[in-house]
Amino acid sequence: MSSDHHAHNPGFISKYVFSLDHKVIGVQYTVTSLIFLFFGFSLMMIMRWQLAYPGEAIPLVGGWLGKYLVDNNGVLLPEGYNSLGAMHGTIMVFLGVVPLAVGGFGNYVMPLQIGAPDMAFPKLNMASYWVYFAGGVTMLSSFFVPGGAANSGWTAYPPLSNIANTVGTYPFWNGQTIWLLAMVLLITSSLLGSVNFIVTIMHLRVKGLTMFRLPFFVWAQFVTSFLLLLAFPPLEAAGVLQLMDRVFDTSFFMPSGLVVSGVVQEYSGGGSPLLWQHLFWFLAHPEVYVLILPAIGIVGEIIANNTRRPLWGYKTLVYSVIFLGFMSFVVWAHHMFLTGMGTAMSTFFQTTTMIISIPSVVILTALLLSLWQASIRFTVPMLFALSFLPMFAIGGLTGLPLGLSASDIQLHDTYYVIGHFHYVVAPGTIMALLGGVYFWYPKVTGRKMSTLLGHLHFWPSFVFMNTVFFPMFMVGLAGVSRRLWDQTEYVQGIDVQGWVRMSSWGAWGLGLAQLPFIINFFFSAFAGKKVDANPWKATTLEWAAPSPPPHGNFAEVPVAYRGPYEYSVPNAKEDFHPQHIPDSQVV
């Protein structure tokens, strides 16, 4: 395993821009995705103003948003609200959380944890980042084209998405078409990355590192890579077909006799809007686990380190994530109970949805049992990891009524769905990812982030996350539909407007709570406390490398002598046994 597979003394461009080093690419993914997350979050804060104070001018930024989003008085337009909603969902999922969880943490940490000098295919790795970056820039450019950004929801359901933003503009030069082009790029990036991850984990593990000695985080990335590889191609195909519908007047998703504004559409006929839903959700439900699994892996690493004991039921956890990944491919139509698929198919997908909750409960139980009677170190990463557990549990429990076809009739497309999904992805997954940033930051920079600023970041974020999303359950149970520009126009929305304003104030408070993190993230890179190679006294192989790791990662290729979480071994000199240290040196 030579580390001479690419140049040792590259120039600035080769080293930091078009780098082949997995660590630089991981940092590129991390910083880029954090910027996209902040931008996508900003769109949501603008939307929350319209929801809390419908018809009132947006303060501070209202005059800067352009004619496709706001009117002359700075009031958000209905079609502008739809654009912000579609782009918020798209950016947060496809440009933010997935690239951070897989591209950022996966690229940087996973090769180190298996003792590899780099990814199996460094040039493919570089290409995956730049295709992702091109997809992100393409997506954001849609804000500046005639008609504005895509406004058909982040799910882009036809026939609406096929005919949206086309009046008076050239088919290639409008927001919805650009959205599709960007999605094709983003999906291609994920496919390149997933192939690289699978080959790297299978072939570049160091001597002694059998599959059941892999850290739990590596297993999570391994299963995630298979989900990306198998689930994304159907959506990429669907995106190309919808592009053809929009640009070349085909009818893959256009039903016969479609009437728009009283006019029969001559080019429509023979297509099925439901075909898009099947192709989209066949990706989008495994996609939920693409978001969750890396976060669970991060939480497992942090909990093991800060309880100073092995993860409870390590093999059970591994089998659970494998089963979770498999089952994620046979639950997609629980998003489609209201499409008239019939009671037999509804019952099948209802049953598989209940089954997929079992491995999730097993994982959560194992992580909770890892805390039982432990001597917990309440570090900043541990606070974020601990907050993940109840938030993920709330997200999972509130999803059960949505998985039952009878109760879903009432709850479908209401704010209850928004609350459920966001409890999994925002208070859950994003809190875990932030914990991962604090945990591995010393490995990347050789410096620790400020503990004081970490607390100033965590506690307000934890409170405001719940302030944003918990009221959505109340609003949804009242029957208020999602994607309403002004819900007070409906009787059921008036009585719960107080909960809506509470959500909005929580969102703005959550935005302010990220300022300590932004300051901490950049300031600590230059002025943070310097640390040694293993400041957390951890056991996995990435801590055997210097901080930050040099080209090739390790001075000597490590050997794995034991499992990943040998903490608090009886009669040992230290309370941790690193994987790479022979028994003769630790007992």
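Residues numbered from 1 in each chain as written. Predicted model: local features only at pLDDT ≥ 70, side-chain atom pairs only at ≥ 80, totals over all residues. Heavy atoms only, no water.

Trainee: For this particular structure, what's the right way to read the overall build of the protein?
Mentor: Within the protein, the regular secondary structure consists of 18 helices and 4 strands. Its C-alpha atoms give the protein a radius of gyration of 24 Å, near enough to 25 Å, the size a compact globule of 587 residues would have. Projected onto the principal axes, the alpha-carbon positions of the protein cover approximately 80 × 55 × 50 Å. A buried classification covers 58% of the 587 residues belonging to the protein. Counting only contacts in the protein whose residues sit at least 6 apart along the sequence, the fraction spanning at least 24 positions is 78%. Of the roughly 23000 Å² of accessible surface on the protein, a fraction of 69% belongs to carbon and sulfur atoms. (Helix = DSSP H or I, 4+ residues; strand = E, 2+ residues; numbered from the N terminus. Rg over C-alpha atoms; globule rule 2.2 N^0.38 Å. Buried < 20%, exposed > 50% of the residue type's maximum accessible area, 1.4 Å probe, protein only. Contact = heavy atoms within 4.5 Å. Areas by Shrake-Rupley, 256 points an atom, 1.4 Å probe, with all protein chains shown as cover.)

Trainee: Please explain the side chain of arginine 48 as it appears in this structure.
Mentor: By secondary structure assignment, the location of arginine 48 is in helix α2 (residues 22–52). One buried charge, arginine 48, has no salt-bridge partner; the nearest side chain with opposite charge is aspartate 486, at 11 Å. Reaching out from arginine 48, the side chain makes a polar contact with the backbone oxygen of valine 500 at a distance of 3.0 Å. Those residues in contact with arginine 48 that lie beyond four places of it in its chain are Tyr415, Met472, Val500, Ser503, Ser504, Ala507 and Trp508. (Lys, Arg positive; Asp, Glu negative; His and termini not counted. Salt bridge = Lys/Arg side-chain N within 4 Å of Asp/Glu carboxyl O. Polar contact = N/O pair within 3.5 Å; in protein donor to acceptor, adjacent residues only side chain to side chain.)

Trainee: Teacher, can you tell me more about helix α16 (residues 497–513) here?
Mentor: Given 3.6 residues per helical turn, the α-helix brings residues three or four places apart onto the same face. Taking 1.5 Å per residue, 17 residues should reach 24 Å; α16 reaches 24 Å between its end C-alpha atoms and fits that length. Among the residues making up α16, those that are buried are Gln497, Val500, Ser503, Ser504, Gly506, Ala507, Trp508, Gly509, Leu510, Gly511 and Ala513. Of the surrounding elements, those touching the buried residues of α16 are α2, α14 (451–477), α15 (491–494) and α17 (515–527). (Expected span 1.5 Å × (residues − 1).)

Trainee: Any chance you could explain the environment of alanine 560 here in plain terms?
Mentor: Turning to its location among the elements, alanine 560 is positioned in the loop between β4 (529–530) and α18 (583–586). For the pair alanine 560 and arginine 213, spaced 347 residues apart in sequence, the C-alpha to C-alpha distance is 8.2 Å.

Trainee: Looking at this model, I keep getting lost on the packing of helix α3 (residues 78–113) against helix α4 (residues 122–141). Mind explaining?
Mentor: Axis angle and axis distance: for two packed helices, these are the angle between their axes and the distance between the axes, and together they describe the pair. One can describe the packing of α3 onto α4 by two numbers: an axis separation of 12 Å at closest approach and a directional angle of 165°. By the angle between their directions, the pair α3 and α4 is classed as roughly antiparallel. By crossing handedness, the relation of α3 to α4 is classed as left-handed. Contacts from Met87, Thr90, Ile91, Phe94, Leu95, Pro99 and Asn107 of α3 reach α4 at Asn125, Tyr132, Gly136, Met139 and Leu140. Considering only residue class, the contact of α3 with α4 consists of 8 nonpolar, 4 polar and no charged. (Axes fitted to C-alpha atoms, helices over the stretch in contact; angles between N-to-C directions. Parallel < 35°, antiparallel > 145°, perpendicular 65-115°, else oblique. Left-handed = near helix turned anticlockwise from the far one by under 90°. Nonpolar A, V, L, I, M, F, W, Y, C, P; charged D, E, K, R; others polar.)

Trainee: In this structure, what is going on with helix α6 (residues 175–203)? I would like to understand it.
Mentor: Along its 29 residues, α6 runs 42 Å from first to last C-alpha, staying within 8% of the 42 Å computed at 1.5 Å per residue. Across the 29 residues of α6, 21 count as buried, placing the element largely inside the fold.

Trainee: Help me out: how do you make sense of the packing of aromatic side chains in this one?
Mentor: Think of a pair of aromatic rings as described by two things: how far the centres are apart, and how the planes are tilted against each other in angle. Following the criterion strictly, the structure yields 48 aromatic pairs and no others. The rings of Phe384, Tyr438, Tyr441, Phe458, Trp459, Phe462, Phe517, Phe521 and Phe522 are connected pair by pair, giving a single aromatic cluster. A cation sits over an aromatic face here: lysine 315 above phenylalanine 212, 5.0 Å from the ring centre. We note lysine 448 situated over the ring of tryptophan 536; from NZ or CZ to the ring centre the distance is 4.3 Å. (Phe/Tyr/Trp six-rings, centres within 6.5 Å; stacked < 30°, edge-to-face > 60°. Lys NZ or Arg CZ within 6 Å of the ring centre and 35° of its normal.)

Trainee: Would you mind showing me how to read the layout of surface pockets here?
Mentor: Gaps left between atoms are located by rolling a probe of water-molecule size over the structure's atoms. The computed volume of the second largest pocket comes to approximately 800 Å³. If you go around the second largest pocket, you meet 35 residues; those closest to its centre are Lys23, Val24, Val27, Tyr108 and Val444. At the level of elements, α1 (12–17), α2, α3, α13 (415–445) and α17 are the ones that each hand at least two residues to the lining of the second largest pocket. Residues that form the lining of the second largest pocket fall into these classes: 22 nonpolar, 10 polar and 3 charged. When residues of the lining of the second largest pocket are sorted by domain, at least three fall in each of domain 1 (104–374) and domain 2 (381–531). (1 Å grid on protein atoms, 1.4 Å probe; cavity = no way out; pocket = protein on both sides within 12 Å on 5 of 7 lines; lining within 4 Å. Points joined across faces, edges and corners; volume = space filled by probe spheres on them. Domains from an automatic or database assignment.)

Trainee: Help me understand the nonpolar core in this model?
Mentor: General note: in soluble globular proteins, nonpolar side chains tend to be found buried as a group. With 173 residues, the main nonpolar core has Met87, Leu214, Leu293, Ile296, Ile303 and Leu389 as its most contacted residues. There are two domains that each give this core at least three residues, and those are domain 1 (104–374) and domain 2 (381–531). In this structure leucine 293 touches Ala220, Val223, Thr224, Leu227, Val321 and Leu324, once residues within four positions along its chain are discounted. (Core = buried A, V, L, I, M, F, W, Y, C linked by side-chain atoms within 4.5 Å.)

Trainee: Explain the domain arrangement of the protein to me, please; I cannot follow it from the model alone.
Mentor: Many analyses report the size of an interface as the accessible area lost when the parts associate. Taken domain by domain, the protein consists of domain 1 (104–374) and domain 2 (381–531). Taking only C-alpha atoms, the centre of domain 1 and the centre of domain 2 are 20 Å apart. Tallying the contact residues gives 36 residues for domain 1 and 31 residues for domain 2. Our count for the domain 1 to domain 2 interface comes out at 0 salt bridges. Summed over the shared surface of domain 1 and domain 2, the result is 1 residue pair in polar contact (both at pLDDT 80 or more). Those elements giving two or more residues to the side of domain 1 that touches domain 2 turn out to be α3, α8 (273–307) and α10 (343–371).

Trainee: Would you explain unusual backbone geometry in this entry?
Mentor: Trans is the prevailing form of peptide bonds, just as negative phi is the prevailing case for residues other than glycine. The amide bond that connects proline 158 to the next residue, proline 159, takes the cis arrangement and shows omega of 5°. Note that proline 159 resides in the loop between α4 and α5 (160–163). Here the residue pair serine 547 and proline 548 is connected by a cis peptide bond, since its omega of -5° sits within 30 degrees of zero. With respect to the helices and strands, proline 548 occurs in the loop between β4 and α18. One non-glycine residue with positive phi stands out, namely glutamine 373, at about 60°. Positionally, glutamine 373 belongs in the loop between α10 and α11 (380–403). Residue glutamine 373 is classed as exposed on the basis of its relative accessible area of 70%. In this structure, arginine 483 is a non-glycine residue whose phi angle is positive, near 65°. Structurally, arginine 483 is set in the loop between α14 and α15.

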